[in-house]
Amino acid sequence: MKINNRPFRVLVVDDEPDYREVLELMLKEAGCQIETAASAFEALDKLRKRSFDLVLTDLMMAGMDGIELLEKIRHEHGALKVIIITGYGTIENAVAAMKKGAYSYFIKGNDPDELIKVINNIKGGDMEVQEHSDKTAAPNDFPSFVLSTNNDQFRKVMDIAKRAAQSNVNILILGESGVGKEIFAQYIHQCSSRSAESFVPVHCQAFAEGLLESELFGHEKGAFTGAIERRKGRFEAAIGGTLFLDEVGDIPLSTQVKLLRAIENRRIERLGSNESIPVDFRLISATHKDLTQEIIDGNFREDFFYRLSTITIDIPPLRSRKEDLPILIDFFMKKSQKEHNIIVTNIEPAVRRFLLYYDYPGNIRELKNIIERLVVLSRDGVIYYGDLPEIKSDPRDEGQGNIIHLREMRRKVEANYIEKVLGTCNHNISEAARVLGISRRQLFNKITDYGIK
Ligand SMILES: Nc1ncnc2c1ncn2[C@@H]1O[C@H](COP(=O)(O)OP(=O)(O)OP(=O)(O)O)[C@@H](O)[C@H]1O
């Protein structure tokens, strides 16, 4: 696997030559480009000379240990990912390393495929970001979105999107507000053969009835009061590319008829003209509304619905793919820091916990806004719990008090209990695992999953 047409570069740091060599062989076989360092000092020297995608470091090393190296990397190289390698006896130190921002840890003697899997995940994530960065790079060169996922449902949705992109069929994207429907439409456009041409979004709810038609079809000079010159519409702007009709559920019935005709015939007439213009475009539409209900209520034409939805893609809400929160949090943290030229070195544990637990009724848009706010309000590189916005109660819970899903409740109770037991066991993992009646490995997984610090 390559990033930006260059190999994925890993720096392996270990003072044991044998283990260093084993790792080097294993990772080379997995397609990585490897450099090695026999000490943390040598590693820092190499990191100053060239860029790497990942550092794999032993924890126990003479002179400077893995944790100190991790701190130095955080200081000098910001978000560079670090995986800590540790022996069984030192797992508590691995927990400490995770607290200091290590990406993951690996226990010497465990199945090496586990480590390869973690590395492939990192590679996959970076590839996904990189894959889009060329075409949708934000002004500061940071990718504008991330679609890596650990969620099976979302993975299926991505797969459908990729396959649908290869054809020219009309696609309807459904999902709550803020789940990323427009981002998905852009992604489909990029994966299609039309990617070199324009992606033309139209936010249909933003226009009054007559204005929406003129926006879409264009108009001749004098077609209506205020039409002081001839203007091409969005259908024509999208020729060769993709037309994205956002909030299609808000289009008035009378306009739906005209759109249906244009989409079926791939020809339009500008307002005030009889000339029929051929328009070749790919159509993607989106709405947060329940169109079946809108049809029943007489607000949406059934024939228009079927025309738009040759393929329907239903994007799950963020609360049902919480396993993707770490990826998204990491992405928005880096993006906001870059955009606002702020460096964050520490996040209060309670903030991380909140970010991992919260249900996000406003979906990815809300997560993005919360993180941007936290980064902007950070002081001396620290993000504080007190700077979280006052979260309004979730409108979906209205009238039901603070009801949350049973699964969430279970997670919360379990996390609190584990935290309490860890406290009484002086944060001794082995002891806490014994008290809880689970293996140390299970406990460690829960600690990382729940963001317990
Ligand atoms: N996968 C993603 N990666 C990065 N940013 C994302 C992602 N998905 C959504 N966002 C951000 O969240 C915000 C909402 O995304 P988008 O407009 O695509 O959602 P939407 O479902 O179309 O919302 P609405 O229904 O309100 O139009 C945007 O600022 C977008 O940049």
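Everything here concerns the structure above.
Residues numbered from 1 in each chain as written. Predicted model: local features only at pLDDT ≥ 70, side-chain atom pairs only at ≥ 80, totals over all residues. Heavy atoms only, no water.

(A) How the structure looks around the side chain of Asp359. Locating Asp359 in the fold gives a position in the loop between helix 14 (349-357) and helix 15 (363-377). Of the polar contacts made by the side chain of Asp359, one reaches the side chain of Lys322; its length is 2.9 Å. (Helix = DSSP H or I, 4+ residues; strand = E, 2+ residues; numbered from the N terminus. Polar contact = N/O pair within 3.5 Å; in protein donor to acceptor, adjacent residues only side chain to side chain.)

(B) View of the pattern of salt bridges. Overall, the coordinates contain 27 salt bridges when judged by the stated rule. Glu35 is paired through a salt bridge with Arg50; the nearest N and O atoms lie 2.6 Å apart. Taken together, the residues Glu35 in strand 4 (residues 33-37) and Arg50 in the loop between helix 2 (40-49) and strand 5 (54-58) connect sequence positions 15 residues apart. Assessed through its relative accessible area of 32%, Arg50 is described here as partly exposed. (Salt bridge = Lys/Arg side-chain N within 4 Å of Asp/Glu carboxyl O. Buried < 20%, exposed > 50% of the residue type's maximum accessible area, 1.4 Å probe, protein only.)

(C) Main features of the packing of aromatic side chains. Per the counting criterion, the structure on display carries ten aromatic pairs. Here Phe331 and Phe332 contribute two aromatic rings whose centre-to-centre distance is 5.2 Å and whose plane-to-plane angle is 75 degrees, an arrangement assigned as edge-to-face. A single burial state applies to Phe331 and to Phe332, both of which are buried. Within the aromatic cluster, the residues linked to one another by ring pairs are Phe154, Phe184 and Tyr187. In this structure, Arg266 is placed above the aromatic ring of Phe281, and the distance from its NZ or CZ to the ring centre is 4.3 Å. (Phe/Tyr/Trp six-rings, centres within 6.5 Å; stacked < 30°, edge-to-face > 60°. Lys NZ or Arg CZ within 6 Å of the ring centre and 35° of its normal.)

(D) Region of interest: the packing of helix 2 against helix 3 (residues 66-77). The N-to-C vectors of helix 2 and helix 3 enclose an angle of 15 degrees; their axes lie 11 Å apart at closest approach. Classified by the angle between their axes, helix 2 and helix 3 sit roughly parallel to one another. Note on packing geometry: the crossing formed by helix 2 with helix 3 is right-handed. Listed contacts from helix 3 to Ala40, Ala43, Leu44, Leu47 and Arg48 of helix 2 are Leu69, Lys72, Ile73, Glu76 and His77. Of the residues contributing to the contact of helix 2 with helix 3, the split by class is six nonpolar, one polar and three charged. (Axes fitted to C-alpha atoms, helices over the stretch in contact; angles between N-to-C directions. Parallel < 35°, antiparallel > 145°, perpendicular 65-115°, else oblique. Left-handed = near helix turned anticlockwise from the far one by under 90°. Contact = heavy atoms within 4.5 Å. Nonpolar A, V, L, I, M, F, W, Y, C, P; charged D, E, K, R; others polar.)

(E) Focus on the site of the ligand. Neighbouring residues of the ligand: 19 residues in total, closest Val146, Ser177, Gly178, Lys181 and Lys368. In the model, an oxygen atom of the ligand is placed 3.4 Å from a nitrogen or oxygen of the Asp246 side chain. Computed on the free molecule, the ligand has an accessible area of 630 Å², of which 87% lies beneath the protein chains in the complex. Within the residue set of the shell around the ligand, elements represented by two or more residues are helix 7 (181-191), helix 13 (325-340) and helix 15. Among the residues making up the shell around the ligand, the classes are represented as eight nonpolar, four polar and seven charged. (Near = heavy atom within 4 Å. Areas by Shrake-Rupley, 256 points an atom, 1.4 Å probe, with all protein chains shown as cover.)

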